[in-house]
Structure formats: C-alpha cells, structure tokens
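# Secondary and tertiary structure notes
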2 protein chains.
Amino acid sequence: GSVSAVSAVSGMPPVSALELGEMIVKHIEGKKGLPGYCVGVEVVNGYLNFRVKGQLKKGKDPIHSDTKSTEGTASKATKANKSEFGSISCRAIGVFRSCFKEKYGTPRQGAVARDARGHLELYSWVPPESLEGLDGFSHVWLIFWFHKNTNKVTSAKVSAPRLNGGKVGVFASRAPHRINPIGQTLAVVEKVDISAKRVYFSGIDLIEGTPILDIKPLHPAEVISRQDVRFPSWITRPQSVFKIRWTSEATQQLKDSIESKPQTHFQDFNQMKRAISQSICLDPRTLHSKNKHAHGIFGIRLDGVEVTFETFGNIAKILKISNASNDKETETKGTRRLKGLRTKEWLERTKRELKL
Amino acid sequence: GSVSAVSAVSGMPPVSALELGEMIVKHIEGKKGLPGYCVGVEVVNGYLNFRVKGQLKKGKDPIHSDTKSTEGTASKATKANKSEFGSISCRAIGVFRSCFKEKYGTPRQGAVARDARGHLELYSWVPPESLEGLDGFSHVWLIFWFHKNTNKVTSAKVSAPRLNGGKVGVFASRAPHRINPIGQTLAVVEKVDISAKRVYFSGIDLIEGTPILDIKPLHPAEVISRQDVRFPSWITRPQSVFKIRWTSEATQQLKDSIESKPQTHFQDFNQMKRAISQSICLDPRTLHSKNKHAHGIFGIRLDGVEVTFETFGNIAKILKISNASNDKETETKGTRRLKGLRTKEWLERTKRELKL
C-alpha cells in the first residue's frame, strides 16, 4: 500500500542541495485515488513539480490526456496553455493552534462561533515583516490544508449534511474531501504579534494543528450585499440548533477550572463560557451519533476543558466541565477521538458520576 | 539553472504506474528562491509529496528546522503536529478562458469589471457530476494558481499600488507574488454546462490560461455587512479612475468587428462595449507607463479585439477598435506583451493612422 511506499523512502539519508537526489516511489495502481504515472520531475523556485500522465480513479473514461507541469515562468506557462497544467507544490507557512482539539465539536459548513479562538504560529523560515500592515484589517482569509482528511479517493459527489444524506457535486459544496484538499475560511484578526510571528484570531472554525498555506486580507470588493447573492434552497445561514442551559455545577466547574489551570486560548470565564455555548448550539454531533442517540450524553473538548452535555429536543444542557487530561487521539473502528472521550466507558463513568 | 534541470528530465521515457520511477533532480542552491534540500519523497492519493529541509532565501536566520511532509492521513498528520508540515501538491482541475488576454488590462486588486467574461474548462479526468448543484449559487470562489508570476524569489514585503510604491507585508496584501502562489477570486456564475464540463462566469479578473485549482460556492457566513469590516486607510473599494468617452469611429468599429468575427466571450455589442469601458475606467496602465506617459496612447486586448485609447486627466477616450491578429506574446526587456501591442512601432503606426 502507499504506507509501505512511504516507509520505503522515509529512512533515507538527506540529500544535498546540489544533488537533490534519486527518489524511487511506487504507486499503487488504481487503488488509492487520483492520477496515474509520473513522466518527469523538476525543481523550480525550490518547489518540486512533476509531470503526470494518468486518469482519475472514479472517472469513467480511460483518459490518457497529457498533463504538463509548469513552474510559474511565463514561457513555460505559455507553452503549456494547450495541454494540461500539472501540479504546484505548496508549503505550509505555519500551524494553527485552535481551541478546537478534534473534528468533533469544530463548527462545520463555514459556520463560525464568534468567540472561538486560535492563533497562527508562523514557521521559523517565514520572515516577521511579512505580517506588517496586517493589523489594519478586521478580517482575513486563511487558506489551509484539510490535513485531517481520511478519504483515500475523491468522489465527484459528496453528502451535504443539510440534504439529509443527499449528494451534490463536490464543487457545489465546501466539503473537505476535494480534488485539491485546500480550505478557505474567514477569520477575525484579534492581534498581530509581529516579533513573535503570531496572529491571534476569533470566529474561527479551524482544528488544532491545521497547516496554514496563506493569509489573504479581505478585500472591499469581496464585501457584497445580501440581496445580490443567491443560494440553493438547501443552503441557509447556520443557525442555532439548541438552546443552551448551564447547570450551576457546570458554571462553577468552569470558573474553578480556569482558576486552577490557565487556558491557552481564553483569558476569562465569560468569553470561554460563550465559546462553549456557541460551539454546542450549532450541534456538534455527527449524523451517526444523532441518529443513534437522539437524546443522550455527549462530550467535546474546548481548549483545556472537557465539556459534557445532554440533549433533549431543542435544549442542550451543559452538565459538567472538567480539566482535559491530554490531547492524545485514539482510534476505534475508524473513528478517531481524543483519548477516552465519548467511549462506552466514558459514557458509563459520566452517568455514574452525574447520577443519571 | 533550473531550466537546464528541467531539460535534463523532460525527455525521459514514461514510467509505469506500478514502478513510478527513478527521478534525479538537481537543485540550484540558494539562487532560485525558497527552501533547501529534499530528504524524502512519497506518493499518496496520486499526489507526490516530499519532505524538505532547508531555508527561505530571503530569511535572515540560517534556519535548519525540520520540515515534514504528511499525506493527509490522520496518523501521519498527528505525528507531524510538533514539527513542520512540508508541502501538498495540487493539480489544476481545468483552465480558465478569459476575455483578458494578458496581465496588462486585467483588473487588479480584486476589482472586477462586472461585464468581464470567461469560462472554466474542466480537464477530461474531472467527472461532470462534480458540477451538479453549482447552478444554485450566484457566486463562487475560484481558487487558482498565479501562473504568470515571473518572480524568482518571494519577498517578505511587497509594493502596494495604492501606497505609491510603499511596501506592506505580503500577508497584508493580495499581491500575486506570495510564498504559495495561490489566488482566490469571487466570480458570478452565469451558466453551468454540466455535459460540456464548462462553467461560464462574469465579473471576473482572471487572465487567459489561468490554472484553476478549486471551485468553492460562496457560503452565507461569508456574506458580511460593510459596517462589520475594517480596512487600513490605504485600502479603498476600487473606483473608476477615468470617465470613458467613445469616438463614433470606435463605436462603429466595435459593431463592425463583432459582425465580421464572432467573439469568444461576448454575445452582443452592448455587453462588450460595457466590458471595454469597465476595464479601462479602472486604469489598466502600469505605474511605469503612467509615470512615463501621463498623457498618451495605450492599447489593450479584450477577447478578439484590440482597443486603442488616449488619456487626458480623468478622461480616457476610446479611439479605435480593430480585430486582434493573434495571441502570441513577445518579450522585450523583461516586459511581455501580446505581439506588436504597445511597442514603439505600434505607437507610431497608431499615431499615423489616427492622424494624431
């Protein structure tokens, strides 16, 4: 499989910059998604480009169109106009540190929890001056990599949560499972710390560890009015699914928790309480867990705490806040979760503790 | 140089999908931009990823941070959280056919000429079903590759046209010369032709031949109101620089031109006339040509015609419309232009013809 192909090369010694090296890669024919075979590799501007010939696994035609790599210089690009462009390689400029620790509980579909917080840490090779002037903007686009995708193939159509399992073309959706796993999200700039090479954001829907490819300030031409925009009927502005109720115990636990252990992303109790309410009111549950446990007990992580809540109809009641133990993820039957969260054992323990 | 490195591999015979092959690439140390040396290559989901160790050319620190490639599977991504992500490779899904034939004359800075037209042609390997449901949206984001970049290095700061040569951090700008040469633009969907795998757009600012990486429908959460947004004082919504006047000769020539030769992107005279006026009123001239020829004669291509105009103060007068001869680009002193357009000979010939 492709994993063994990775292992086969990952132990190799570094190759010098002057002789980039000899790389032998095996491709698992047809079994693992997109295109076919490589007919050339080149390095331009430090990027590794490749020419490829091949076919989309899910495509119906046996296609042998020539695809051609260009490297961003005009003469090459002009020559390539008549055939296909190959690929560009993108480097992450940094990593996103988020109050959302796993996919479960992270807002979907561009819905943003206004008080959700996170920051971007630029990598050491990115010069700090690249952030100068960014603080003049209230909003920026973060271009990121959907690094938590587990799909091995890209489908032409994807399930839209609002269509109750119905499918639409991948280009009519914002699904993470795309031909190019690039995402785009609007975030509010809270603070730009140039010397620390960090940018702090609110209203974010990115998961911990997301590789960021670019920051683009929102341009005035992108602020368009509601009446000029048309959406399909199945798309609506994200709305609260639940009314949130906090038990007095949970409220006190959140206070105690913040006092006993500083949070990474939240400074004060009220801000964090709002972020928890906002995250849960959008309904973080998966279609699967919703169907299986229409009324039930669920848990999410937000920053350094674990939040336990119960749903009844349109009410979500926050039952318990506890310090999260660690960030380790475990995998059971293809579902990854933070260690111990939402397992059978977790549920039984929680019910015992809360005497439910 | 990197071009010879390309030549060194471009003639090699295709390698089968089962043994992707042995690729030897030479890297031009330090001279050509971003990072350093390759320590591993892998193919996952048909994408070629690579691990890289190195440094940004323009960075000030000698950096040898480990960068690590992951391939979008969770276990790898989790492991990589503590070090740097390497790169992802993106494939163009198709090519953009635009009424704008060269950089000169193509709207800048996200400003869009409402009547500008173009269409996306998806490549043969992209299934047509991927477009289903797209026609329900009035606006989409096109994620594209800045393939006409000629920069060999990426700078931390870039010139902002509105700052009269002043510079801002690259992440506070929408300049095409970015660490990852990915662009994002909002376009109006005019027609989705699923069987032909074409999507027709208006209000576009993309140049002919732009490789498109993704189509993302505009999400309601991205429609924000003007009063919630803050921009630096040097950013303003793009406004007309020129009032446009058409000579009766030019108007007649446009009519004749459309009748004698069908246009690719425009159906009727009025639509095309508006697009020409919109493109010129935003001031297509470069800072250089503006300073050198404050009052002068300029030419742009739009679809199949060449437009000659003259500027006086805040007036641009459309003097002449002629059928464009061909799309060939020529290069003089680092400036690429469509063949014959805006050269000294072109200017002299134009002045003689128009008796100026």
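A short tour of the structure in this document, coming up. (Residues numbered from 1 in each chain as written. Chains lettered and ligands numbered in written order. Predicted model: local features only at pLDDT ≥ 70, side-chain atom pairs only at ≥ 80, totals over all residues. Heavy atoms only, no water.)

## Let's talk about the overall build of chain A
From N to C terminus, chain A includes six helices and 20 strands. Within chain A, the proportion of its 356 residues that are buried is 60%. The contacts in chain A between residues at least 6 apart in sequence include a share of 64% that link residues at least 24 apart. In the form shown here, chain A has an accessible surface area of approximately 14800 Å², with 51% of it arising from carbon and sulfur atoms. (Helix = DSSP H or I, 4+ residues; strand = E, 2+ residues; numbered from the N terminus. Buried < 20%, exposed > 50% of the residue type's maximum accessible area, 1.4 Å probe, protein only. Contact = heavy atoms within 4.5 Å. Areas by Shrake-Rupley, 256 points an atom, 1.4 Å probe, with all protein chains shown as cover.)

## Brief notes about the packing of helix α3 (residues 248-260) of chain A against helix α4 (residues 269-281) of chain A
Residue and element names in this part refer to chain A. Where α3 meets α4, the axes come as close as 10 Å, and the angle between the chain directions of the two elements is 125 degrees. For the element pair α3 / α4, the angle class is oblique. Regarding α3 and α4, the two cross each other, and that crossing is right-handed. Judged by residue contacts, Thr 251, Leu 254, Lys 255 and Ile 258 of α3 engage Phe 269, Met 272, Lys 273 and Ile 276 from α4. Residues that form the contact of α3 with α4 fall into these classes: five nonpolar, one polar and two charged. (Axes fitted to C-alpha atoms, helices over the stretch in contact; angles between N-to-C directions. Parallel < 35°, antiparallel > 145°, perpendicular 65-115°, else oblique. Left-handed = near helix turned anticlockwise from the far one by under 90°. Nonpolar A, V, L, I, M, F, W, Y, C, P; charged D, E, K, R; others polar.)

## Side note on the packing of aromatic side chains
A complete count under the given rule lists 11 aromatic pairs over all chains for this structure. Ring centres of Phe 137 of chain A and Phe 231 of chain B lie 6.3 Å apart, and the angle between their planes is 85 degrees; on these two criteria the pair is classed as edge-to-face. Placement of the pair is Phe 137 of chain A in the loop between β8 (117-122) and β9 (139-145) and Phe 231 of chain B in the loop between β14 (211-217) and β15 (243-246), with the two residues belonging to separate chains. The exposure class of Phe 137 of chain A is buried, given its relative accessible area of 1%. Classification of Phe 231 of chain B as buried rests on a relative accessible area of 15%. Ring geometry for Trp 234 of chain A and Phe 137 of chain B: centres 6.4 Å apart, planes at 90 degrees, overall edge-to-face. With Trp 234 of chain A in the loop between β14 (210-217) and β15 (243-246) and Phe 137 of chain B in the loop between β8 (117-122) and β9 (139-145), the pair connects residues from two separate chains. Overall, the relative accessible area of 18% leaves Trp 234 of chain A in the buried class. The cationic tip of Arg 91 of chain A hangs over the ring face of Trp 125 of chain A; the distance from NZ or CZ to the ring centre is 3.9 Å. Over the ring of Phe 269 of chain B we find Lys 255 of chain B; its NZ or CZ atom is 5.1 Å from the centre of that ring. (Phe/Tyr/Trp six-rings, centres within 6.5 Å; stacked < 30°, edge-to-face > 60°. Lys NZ or Arg CZ within 6 Å of the ring centre and 35° of its normal.)

## A few points about the sheet that holds strand β7 (residues 94-98) of chain B
To summarise the sheet geometry, strands pair through backbone hydrogen bonds and adopt either a parallel or an antiparallel arrangement. Ordered by their spatial adjacency, six strands build a closed barrel running β7-β8-β13-β12-β9-β14 (chain B), and the pairing between neighbours is antiparallel. Across this sheet, the average inter-strand angle for adjacent strands is 45 degrees, counted without regard to direction. (Pairing = 2+ DSSP bridges.)

## What to know about the nonpolar core
If you look at soluble globular proteins, the nonpolar side chains tend to sit buried side by side. Counting residues in hydrophobic clusters, the biggest one holds 139 residues, and the most contacted among them are Phe 201, Ile 276 and Ile 318 of chain A together with Phe 201, Ile 276 and Ile 318 of chain B. Excluding residues within four positions of it along the chain, Ile 318 of chain A makes contact with Ile 244, Arg 245, Trp 246, Thr 247, Ala 250, Ile 276, Ile 280, Val 307, Thr 308 and Phe 309 of chain A. (Core = buried A, V, L, I, M, F, W, Y, C linked by side-chain atoms within 4.5 Å.)

## Here's the deal with helix α4 (residues 269-281) of chain B
Residues and elements named next belong to chain B. A rise of 1.5 Å per residue sets the reference length of α4, with its 13 residues, at 18 Å; its end C-alpha atoms lie 18 Å apart and thus fit the reference within 8%. With 10 of 13 residues buried, α4 lies mostly within the body of the structure. For α4, the complete set of buried residues consists of Phe 269, Gln 271, Met 272, Ala 275, Ile 276, Ser 277, Gln 278, Ser 279, Ile 280 and Cys 281. The N-terminus of α4 is capped by Asp 268, whose side-chain oxygen sits 2.9 Å from the backbone nitrogen of Asn 270. (Expected span 1.5 Å × (residues − 1). Polar contact = N/O pair within 3.5 Å; in protein donor to acceptor, adjacent residues only side chain to side chain.)

## Regarding the sheet that holds β15 of chain B
All names here are of chain B. Read from one edge of the open sheet, four strands run β15-β18-β17-β16, paired in mixed fashion. If you trace the sheet from one side to the other, it starts and ends with β15 and β16 (297-302), each paired once. For this sheet the average axis-to-axis angle between neighbouring strands, irrespective of direction, equals 35 degrees. Examined bridge by bridge, strand β17 (residues 305-312) and strand β18 (residues 315-323) share eight bridges and lie antiparallel to one another. Bridged to Phe 309 within β18 is Ile 318.

## Let's talk about the pairing of β15 of chain A
Residues and elements named next belong to chain A. Only one face of β15 is buried, namely the one carrying Ile 244 and Trp 246, since none of Lys 243 and Arg 245 on the opposite face is buried. Note: β15 against strand β18 (residues 315-323), four bridges, orientation parallel. Considered in β18, the bridge of Trp 246 is made with Ile 318.

## Section: unusual backbone geometry
Residue and element names in this part refer to chain A. We note that Asp 303 has phi near 50 degrees; this positive angle belongs to a residue other than glycine. Its location among the elements puts Asp 303 in the loop between β16 (296-302) and β17 (305-312). For Asp 303, a relative accessible area of 2% corresponds to the buried category. Even without a glycine there, the phi angle at Lys 355 is positive, about 55 degrees.

## As for the pattern of salt bridges
Using the criterion set out here, one finds 24 salt bridges over all chains in the structure. Here Glu 208 of chain B makes a salt bridge to Arg 97 of chain B, at a shortest N to O gap of 2.8 Å. Taken as a pair, Glu 208 of chain B in the loop between β13 (198-202) and β14 and Arg 97 of chain B in strand β7 lie far apart in primary sequence, 111 residues in all. Judged by relative accessible area, which is 15%, Glu 208 of chain B ranks as buried. Under the relative-accessibility criterion, Arg 97 of chain B is labelled buried at 18%. Because the salt bridges share partners, they merge into one network encompassing Arg 97, Lys 101, Glu 121, Arg 198 and Glu 208 of chain A. (Salt bridge = Lys/Arg side-chain N within 4 Å of Asp/Glu carboxyl O.)

## Details of α3 of chain A
Side chains of residues three or four places apart in an α-helix project in the same direction, reflecting 3.6 residues per turn. The end-to-end C-alpha separation of α3 of chain A is 18 Å, in line with the 18 Å expected for 13 residues at 1.5 Å each. Lining the buried residues of α3 of chain A we find β15, α4, β17 and β18 of chain A.

## Some remarks on the pairing of β7 of chain B
One face of the sheet, then the other: side chains in a regular strand alternate in exactly this way. All names here are of chain B. Extensive coverage of β7 is indicated by the burial of five of its five residues. Relative to β8, β7 runs antiparallel, the two being bridged by five bridges. In the sheet register, Ser 98 faces β8, and the bridge partner there is Gly 118. Of the pairings in the sheet, the one linking β7 to β14 comprises two bridges and is antiparallel in character. Bridge pairing in β14 links Gly 94 to Ile 212.

## Brief notes about the environment of Pro 262 of chain B
Inspection of the secondary structure puts Pro 262 of chain B in the loop between α3 (248-260) and α4. In sequence terms Pro 262 of chain B and Gly 304 of chain B are 42 residues apart; their C-alpha atoms lie 8.3 Å from each other.

## Re the side chain of Asp 205 of chain B
All names here are of chain B. When you line up the elements, Asp 205 lands in the loop between β13 and β14. As a buried residue without a salt bridge, Asp 205 has its nearest oppositely charged side chain in Arg 174, at a separation of 7.5 Å. Within the local environment of Asp 205, its side chain forms a polar contact with the side chain of Thr 185, the two groups lying 2.8 Å apart. (Lys, Arg positive; Asp, Glu negative; His and termini not counted.)

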